[in-house]
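# Topology and contacts: notes
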Amino acid sequence: MDQKTPALHAPYFDRTALRQELTGRFTRHQGTDTALRGMLLERMKGLCQDAREQASANLHADGNGRRCAEGLALFQDELIELIYDFAVTHVYRATNPTSAERMAVVATGGYGRGLLAPGSDIDLLFLLPYKQTPWSESVVEYVLYMLWDLGFKVGHATRSVDQCVKYAKTDMTIRTSLLDARLIFGDRELFESLENSFSRYVVQGTAREFIEAKMAERDQRHQRSGASRYRVEPNIKDGKGGMRDLHTLHWLAKYVQCGTPTGGAITSGIFTSEEVHTYFKCEDFHWTIRCHLHFLTGKATERLSFDVQPILAEKLGYTDHAGLRAVERFMKHYFLVAKDVGALTGILCSALEIAQLKTVPVLTRLLQPQSWRARRQLRATTEFRIDNGRLNVADAQVFSRDPVNLIRFFAIAEEHELFFHPDAVRLLRRSRRLIDDKLRDDREANRLFLDLLCAKVSPEATLRRMNETGVLGWFIPDFQRVVSMMQFNMYHHYTVDEHLIHTVGVLSRIERGQEHEAHPLASRLIGTIENRQVLYVATFLHDIGKGREEDHSQVGAAIAAELAPRFGLSPADVDTVVWLIEEHLTMSIYAQSRDIADAKTIRDFANIVKTPERLKLLLCLTVADIRAVGPGTWNAWKGQLLRTLYEQTYPVLTADHTPEPTAKRIDDAQVTLREQATNADAEALENFIASQYPDYWLKTDIDQQLNHLELVTRAAAEGQAIATSFETDAFTGVTELSVLAPNHPRLLVLFAGACSAANADIFSAYISTTRDGMALDTFLLERSFDERDDEQRRAQRITDTIERLMRGEDRLEDVLARVRDRRTKQHAFSLTPTVSIDNTISDQFTVIEVSGLDRLGLLYELTDALSELNLDIGSAHVTTFGERAVDVFYVTDLTNKKVTDAARHARIRDALIEVLDDTPHAESAVG
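Residues numbered from 1 in each chain as written. Predicted model: local features only at pLDDT ≥ 70, side-chain atom pairs only at ≥ 80, totals over all residues. Heavy atoms only, no water.

If you trace the backbone, T301 turns up in the loop between α11 (273–297) and α12 (309–315). Judged by relative accessible area, which is 18%, T301 ranks as buried. For T301, the side chain forms a polar contact with the side chain of T297, separated by 2.9 Å. (Helix = DSSP H or I, 4+ residues; strand = E, 2+ residues; numbered from the N terminus. Buried < 20%, exposed > 50% of the residue type's maximum accessible area, 1.4 Å probe, protein only. Polar contact = N/O pair within 3.5 Å; in protein donor to acceptor, adjacent residues only side chain to side chain.)

Take a look at the structure:
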């Protein structure tokens, strides 16, 4: 794209005066090359420091990043010319220059566009008429070494015009760099020769080749930096919707026009004047952020990490407003800009495809014979057309004549699996303001939208296209409130609107059977649901209440109570949607933060769910919601917990369910163990059964019982009082460690400390005591390695550490002191710690829930505090939500009773708050 007319900048220094000064210094230092070079370097460092300080001050004064980047590029031009001039005038003066001793110093790449961020590389081309001479080699070397010694990162090449053309034909990176070549100073005739040769021999006739290469490069770049433009720690240079995408638009538009490296690029055939304005508005915003970011961090940082986001928000003048923090408003602005960049990219790609300069993506259905009938049918029965394989409108009044067409357009595209024509996209964006309350209440429009939402082909893609054109937000104003809304935490990886759309996509893939291996239960249940529309509506709206001061589940339920009838759902279905949104976090909380082996947990959860149908709906919504939070958030252990909770709750909700007597459940568990422990010594088996208390059989599954039996038998045979074992499961992503040792209350403390030393994350801990005074505890750890051998070696290191600690061969304090604390991003966040103590959740235990900023060793410190408070931990359940840790402990006092004394509750709360408050802050990334 054409560059804006550069803003006028005052020179950073008086060239004439400085040249005179340097000439005088040269005279004084003649004959002492080292002193002369040191003098020049010291003077240049002062110039660079002054220029950088001036640029930073200007940026903070006017907030104009483009002007800052232009100023830095101008200073760089002046600096390079000054160094060059000194070299050729005083150091390598050519007394009788030949025709070969000419040179043009050319800026390429981003520097060629006349824009430099504070930490940008300097790309230079030393352009020669023929091959390199000793004089030119010396001059180039002098300039480069001076720039390197000044701390600049310089990419450089020394070539003739013919060499530039030769390399540009075969190397797309060089070709792209030369596309933006700009003469800094030197032989203009030589530079114009490069321009003409590049245009004639490289650019002409190769537009399609260049476009395909740049688009493939863009796709690979997005894959590396995160495929969604709505990642909450975006890479502002290489991420989707970032600066490199703007550069790609500039390169493609320029190349299509067969322009010279400094020629024009934008014509009315590609972008409208409004779109050109949008392009520069987006570019200005990105330059402002990028320059601030480089100054703030002191280096070429391109990722908007959590620790810099609040600082930038303050520098850019954002404030808290309407339930959003300043940092969230800043990031919402960023994502809206990224969305605009995506829209421009889509328009350009479509235009290039129509011009047959870019390969058109082909959808399967268009290759089938009936696609031709579909074309004729559309033309005969609708106001839409298929132009060049893309859905278009018959004329510019299609949406104004019948605003329902704004929804119908997407329905047609979904039905026939069609891409959009750029003219239609422009008209959609211009016409979205036609959406008013009349259209929002229109029965046909809402029927079409509900069909789109529940489509069995690609509802995610359709919703995203509706969102990117702005139609979705205008049709559902409450959705518009969450468009590009970022939640400032480490748990949610996407903006709220992207999360909602992505959740619908996950649900759709589960329904189509594409997620059966990862989600076997949800994949089976979703086909049995009575009304799938209820599930899709609840999924689409479950987080729509975010960004308000009230609880988002309650706000979302109230919004759904108004929207669901509009979509055409019955009153009974509306009630179910409202309930699902109110409770959309409940199943996850119960599965991950409660002891689901405790019968009361199941009863309480069943009382909330009430019906098997709601249980199925909630299970499917919960799975899709967690999966759509972001990469790495879902793991198979969470799936296992949800399946177990479902399977234990479902019988309670069925009409013929009769609770089984506890004694029979215990007897049945012991019978099952005898049946499956076929290789066990009969006497050892009976001794094991006799040594367990009744609650062991109620909360321990058969696989764990078999592992425990083997562990106890081996320890007895080897005469070991302390023994450990471990199993790892690739499907659940969990490594299970069991410990047999003489019982004492600090066993969990030692284990948590050993895991902290190994950077191992504990999911859950189940504590059992045998009748003969032994502890038989099981700990579930998040698996760290894909390969079984690697994971087993890690588990062995942990168990070895535990055994040394239990035998007194090592001290826990020494083990932790030997481990270097891992650097985290938690210091960017502040959370108010909370502690709740509840005696109603369990029949047997007092349940303590703590929540606060996560850190390495937190579980160890919490269990240590509980041990010092003389509390026995029956089970521990550990959950992290990004930077937030939520740990739940089922405890009793030392007499195996609940803790009921209010004064003791206060002491427990104070001690745990002190642990949570004592959070060491990592060194700031911007310090």
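And the narrative resumes.
This brings us to the pattern of salt bridges. With the rule as written, the count across this model stands at 41 salt bridges. In this structure, K214 and E217 form a salt bridge, with 3.0 Å as the shortest nitrogen-oxygen distance. On the criterion of helical spacing, the pair formed by K214 and E217 is a turn pair, its members being three residues apart in helix α9 (residues 207–225). Using a relative accessible area of 3% as the deciding quantity, one classes K214 as buried. Residue E217 is classed as partly exposed on the basis of its relative accessible area of 30%. Of the charged contacts, one joins D402 and R408 as a salt bridge, the two residues approaching to 3.3 Å between their closest N and O atoms. Residue classification places D402 among the partly exposed positions, given a relative accessible area of 26%. On the basis of relative accessible area, R408 is assigned to the partly exposed category, the value being 23%. (Salt bridge = Lys/Arg side-chain N within 4 Å of Asp/Glu carboxyl O.)

A positive phi angle, close to 65 degrees, is found at S484, a residue other than glycine. Locating S484 in the fold gives a position in the loop between α22 (477–480) and α23 (496–511). The phi angle at K610 is positive, at roughly 75 degrees, despite the residue not being glycine. Its place among the elements puts K610 in the loop between α29 (599–609) and α30 (612–627). Overall, K610 belongs to the exposed group, its relative accessible area being 57%.

Further remarks concern the sheet that holds strand β12 (residues 834–838). Strand order in the open sheet made by the eight strands is β8-β9-β11-β10-β14-β15-β13-β12, with antiparallel pairing throughout. Only two strands of the sheet have a single neighbouring strand rather than two, namely β8 (723–729) and β12. Sheet twist, expressed as the average angle between the axes of neighbouring strands with direction ignored, equals 15 degrees. Note that β12 and strand β13 (residues 846–853) share five bridges and pair antiparallel. Note that in β13 the partner of V835 across the bridge is V850. Along the sheet face, helix α37 (residues 788–806) touches β8, β9 (734–742) and β11 (774–782) and points at about 155 degrees away from the line of β8. (Pairing = 2+ DSSP bridges. Axes fitted to C-alpha atoms, helices over the stretch in contact; angles between N-to-C directions. Contact = heavy atoms within 4.5 Å.)

With that out of the way, let us pick up α29. Because each turn of an α-helix spans 3.6 residues, side chains separated by three or four positions in sequence point in the same direction. For α29, the complete set of buried residues consists of K600, T601, I602, F605, A606 and V609. Buried positions along α29 lie against α27 (571–582), α28 (586–593), α30, α31 (636–653) and β15 (884–893). Near the N-terminus of α29, the side chain that reaches the backbone nitrogen of K600, with its oxygen 2.9 Å away, is that of D598. Just downstream of α29 lies K610, where phi reads positive at about 75 degrees.

Time to look at the nonpolar core. With 168 residues, the main nonpolar core has L304, F449, I476, F479 and F540 as its most contacted residues. When residues in this core are grouped by element, the largest group, 14 residues, is from helix α13 (residues 326–354). Leaving out residues up to four positions away in the same chain, I476 has contacts with F449, F540, I544, L563, R566 and F567. Of all hydrophobic cores here, the second largest spans 54 residues; its members include C48, V105, V154 and C291. (Core = buried A, V, L, I, M, F, W, Y, C linked by side-chain atoms within 4.5 Å.)

Attention now moves to the pairing of strand β14 (residues 871–881). A regular strand carries its side chains on alternate faces of the sheet. Counted residue by residue, β14 has eight buried out of eleven residues, so it is predominantly covered. Direction of pairing for strand β10 (residues 762–766) relative to β14: antiparallel, over a ladder of three bridges. Looking across to β14, one finds that S764 is bridged to H877. Of the pairings in the sheet, the one linking β14 to β15 comprises ten bridges and is antiparallel in character. By the bridge assignment for β15, I873 is matched with V891.

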